[in-house]
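# Notes for the structure review
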Amino acid sequence: MAVTNIQRSFICVLLFIFVIEVENKAPSIPCPSTPSKHAKVIKVSITGCADPTGKCILKRGQVYQLNVTFIPDEMVANLTASVHAIWEGQEIPYPIKKTDGCKGCGLTCPLKSGATYTYSNELSIPKLVPAIIVQVVWAVEDQNKIVVWCVGIEAEVE
C-alpha cells in the first residue's frame, strides 16, 4: 500500500505517542541519535495505552495524553519538542502543535536543576492514519539545542 506524505506525517504523530514508556511498563526504544543528555527520565505514561505484549495500541480518531516526568541536571531556560516516526527504516519528522515545552505543556521555564517536573501534551490520532506499526521518538532540546531527554516506544495504530 502506498503511503502519502500526509499519512507519513500522521504516522510521525503516532510515533510521538509511542515514544512514551507506558505506565504498564511497555519497553521503551533507545533514541537512535539523540539520547537523553541533561535529565533523568523518571516516568513516561500515555493514557489509554496498555498492552501486555509491550506495544502501545493507538486507535484512530482518539486523543491521548502524554506525560513525561523528569529531573534536569542543569538549569533549562527553554524547551523545544520534536517528534519523529521511524517507519520502514525512515525517520520522518512530524510537525506538532505544541513545540514550546515552556508553554501549554505544564511547565514554567526556567527549570531548576535537581527539581522534578512533568511535561504533558495531547496527541490526536487522525482517522486518516493507516493501520501501521511504528516507532515513535520524542525529543526535547534546551536553549542550546542539546537534548534534555528523549524517549521512544513501539506503537501500533488500529
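For the structure itself, look to the data block above.
In this report, we go over the structure that sits alongside the text. Worth saying up front: this structure is predicted, and the values here are computed from it rather than measured.

On to the overall build of the protein. For the protein, the helix and strand inventory stands at one helix and eight strands. Reading the secondary structure of the protein in the N-to-C direction produces α-β-β-β-β-β-β-β-β. Residue burial in the protein is summarised as follows: out of 158 residues, 47% are buried. Looking at the protein alone, contacts between residues at least 24 apart form 76% of all its contacts between residues at least 6 apart. Approximately 7,800 Å² of the protein is accessible, and the part contributed by carbon and sulfur atoms is 52%.

Attention now goes to the nonpolar core. Formed by 37 residues in total, the largest nonpolar core has its most connected members in Phe70, Leu79, Tyr119, Trp138 and Trp149. If you list the elements that add at least two residues to this core, you get strand S1 (39-46), strand S2 (56-58), strand S3 (63-72), strand S4 (80-87), strand S5 (90-94), strand S6 (117-124), strand S7 (132-141) and strand S8 (147-157). Judged by nonpolar contacts, the second largest core, of five residues, contains Ile86, Val137, Ala139 and Cys150.

What the rule picks out here adds up to one disulfide. Residue pairing for Cys102: its cysteine sulfur links by disulfide to Cys109, the two sulfurs lying 1.8 Å apart. Every disulfide takes its handedness from the sign of the S-S torsion; for Cys102 and Cys109 that torsion is -70°, giving left-handed. For Cys105, which is in no disulfide, the shortest distance to another cysteine sulfur is to Cys102 and amounts to 8.6 Å. Look at Cys105 and you get buried, because its relative accessible area is 1%.

This brings us to the packing of aromatic side chains. One pass over the full model with this rule turns up five aromatic pairs. Ring geometry for Tyr119 against Trp138: centres 4.8 Å apart, planes inclined by 70°, an arrangement best described as edge-to-face. On the criterion of sequence distance, the pair formed by Tyr119 in strand S6 and Trp138 in strand S7 is long-range, its members being 19 residues apart. With relative accessibility at 0%, the residue Trp138 sits in the buried group.

Turning our eyes to something else, we now look at the sheet that holds S7. Strand order in this open sheet of five strands is S2-S8-S7-S4-S5, and the pairing throughout is mixed. Strands with a single pairing partner mark the edges of an open sheet, and in this sheet they are S2 and S5. Strand-to-strand, the axes of this sheet are offset by a mean angle of 35°, without reference to chain direction.

So, about unusual backbone geometry. In this structure, the amide linkage connecting Cys109 to the following residue, Pro110, adopts the cis form with an omega of 10°. On the secondary structure map, Pro110 appears in the loop between S5 and S6. Unlike most non-glycine residues, Glu88 shows phi in positive territory, near 50°. Its place among the elements puts Glu88 in the loop between S4 and S5. Here Lys145, not a glycine, exhibits a phi torsion of approximately 65°, which is positive. Given a relative accessible area of 66%, Lys145 falls into the exposed group.

With that settled, consider the sheet that holds S6. With respect to topology, three strands assemble into an open sheet ordered S1-S3-S6, the strand pairing being antiparallel. A strand with exactly one partner marks an edge of an open sheet, and here the two such strands are S1 and S6. When the angles between neighbouring strand axes are averaged without regard to direction, this sheet yields 20°. Pairing of S3 with S6, which is carried by eight bridges, proceeds in the antiparallel orientation. Bridge pairing links Asn67 to Ser120 in S6.

Rules used in this analysis
Residues numbered from 1 in each chain as written. Predicted model: local features only at pLDDT ≥ 70, side-chain atom pairs only at ≥ 80, totals over all residues. Heavy atoms only, no water. Helix = DSSP H or I, 4+ residues; strand = E, 2+ residues; numbered from the N terminus. Buried < 20%, exposed > 50% of the residue type's maximum accessible area, 1.4 Å probe, protein only. Contact = heavy atoms within 4.5 Å. Areas by Shrake-Rupley, 256 points an atom, 1.4 Å probe, with all protein chains shown as cover. Core = buried A, V, L, I, M, F, W, Y, C linked by side-chain atoms within 4.5 Å. Disulfide = S-S within 2.5 Å. Phe/Tyr/Trp six-rings, centres within 6.5 Å; stacked < 30°, edge-to-face > 60°. Pairing = 2+ DSSP bridges. Axes fitted to C-alpha atoms, helices over the stretch in contact; angles between N-to-C directions.

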